[in-house]
Amino acid sequence: MWGWFIVIFAGIWLLQIMLTKVQLKNYQATIKKMSNRSSGYLGVGIQKQKLGIGVIAIAVTDDDGVIVECQLMRGVTVFSRFERFTEYDGLHMEQVKGRLDQEDGVQAFKMAFEKIEGQMEKKTNLAV
């Protein structure tokens, strides 16, 4: 009896490892696709939940801080995939940051924008 339990447990564990690899490849492909721009900045933000739905946000801006593209992944399983999020396209990061305080579940976007701002500051400091 215990032998079957161990075999089933090992099978489920291996399946989880394989599906996690598939999700990681999707993440890497999305990052690679979104970073293929001649200029601009890319930021990734994560909102983890102990219980509930986690969120990963990827935002790309041009050199002036205007959002060019956003992708969002929400879910609790390895079957979650990135989806295009067009609500912020064409808006400046500062405009969106003002809206984020009023919306729920946006820590991922806040983190992504902070990373983009850090990249902008480094580039500005290097030019001095």
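Residues numbered from 1 in each chain as written. Predicted model: local features only at pLDDT ≥ 70, side-chain atom pairs only at ≥ 80, totals over all residues. Heavy atoms only, no water.

Asker: Can you break down the packing of aromatic side chains residue by residue, with the values?
Answerer: Summed over all chains, the structure comprises six aromatic pairs. Measuring from ring centre to ring centre gives 5.1 Å for Phe85 and Tyr88, while their planes differ by 70°; the resulting arrangement is edge-to-face. For the pair Phe85 and Tyr88, one class covers both residues: buried. Taken together, a centroid distance of 5.0 Å and an interplanar angle of 80° make the contact between Tyr88 and Phe109 edge-to-face. Taken together, the positions of Tyr88 in the loop between β4 (83-84) and α2 (93-100) and Phe109 in helix α3 (residues 107-127) put the pair 21 residues apart, joining distant regions of the chain. We note that Tyr88, like Phe109, is buried. Grouping aromatic residues by their ring pairs yields a cluster made of Phe85, Tyr88, Phe109 and Phe113. (Phe/Tyr/Trp six-rings, centres within 6.5 Å; stacked < 30°, edge-to-face > 60°. Buried < 20%, exposed > 50% of the residue type's maximum accessible area, 1.4 Å probe, protein only. Helix = DSSP H or I, 4+ residues; strand = E, 2+ residues; numbered from the N terminus.)

Asker: Any chance you could break down the pairing of strand β3 (residues 67-75) for me, citing the residues and the numbers?
Answerer: Sheet analysis places strand β2 (residues 54-61) next to β3, joined by eight bridges and oriented antiparallel. Opposite Ala59, over in β3, you have Cys70 as the bridge partner. Connecting β2 to the antiparallel partner β3 that follows it, the hairpin turn spans five residues, and Gly65 within it adopts a positive phi of roughly 95°. Relative to β4, β3 runs antiparallel, the two sharing two bridges. For Leu72, the partnering residue across the bridge sits in β4 and is Glu83. (Pairing = 2+ DSSP bridges.)

Asker: I'd like to hear about the environment of Ala59, residue by residue, with values.
Answerer: The residue Ala59 is located in strand β2 in this model. Spatially, the C-alpha atom of Ala59 lies 6.5 Å from that of Val44, the residues being 15 residues apart in sequence.

Asker: Break down the nonpolar core for me, with residues and values.
Answerer: By size, the foremost hydrophobic cluster in this structure holds 19 residues, and its most contacted members are Ile67, Cys70, Tyr88, Leu100, Phe109, Phe113 and Ile116. Going through the elements one at a time, β2, β3, α2 and α3 are the ones with two or more residues in this core. For this core, the element with the most residues is α3, which contributes six residues. In contact with Phe109, not counting residues within four places along its chain, are Ala57, Cys70, Leu72, Phe85, Tyr88 and Leu100. (Core = buried A, V, L, I, M, F, W, Y, C linked by side-chain atoms within 4.5 Å. Contact = heavy atoms within 4.5 Å.)

Asker: Outline the pairing of β2, supporting the account with residue identities and numerical values.
Answerer: Among the eight residues of β2, six are classified as buried, and the element is accordingly described as predominantly covered. By the bridge criterion, seven bridges tie strand β1 (residues 41-47) to β2 in an arrangement that is antiparallel. Bridged to Ile46 within β2 is Ile56. Here β1 folds back onto β2 in antiparallel fashion, the turn holding six residues, of which Gly52 has a positive phi close to 120°.

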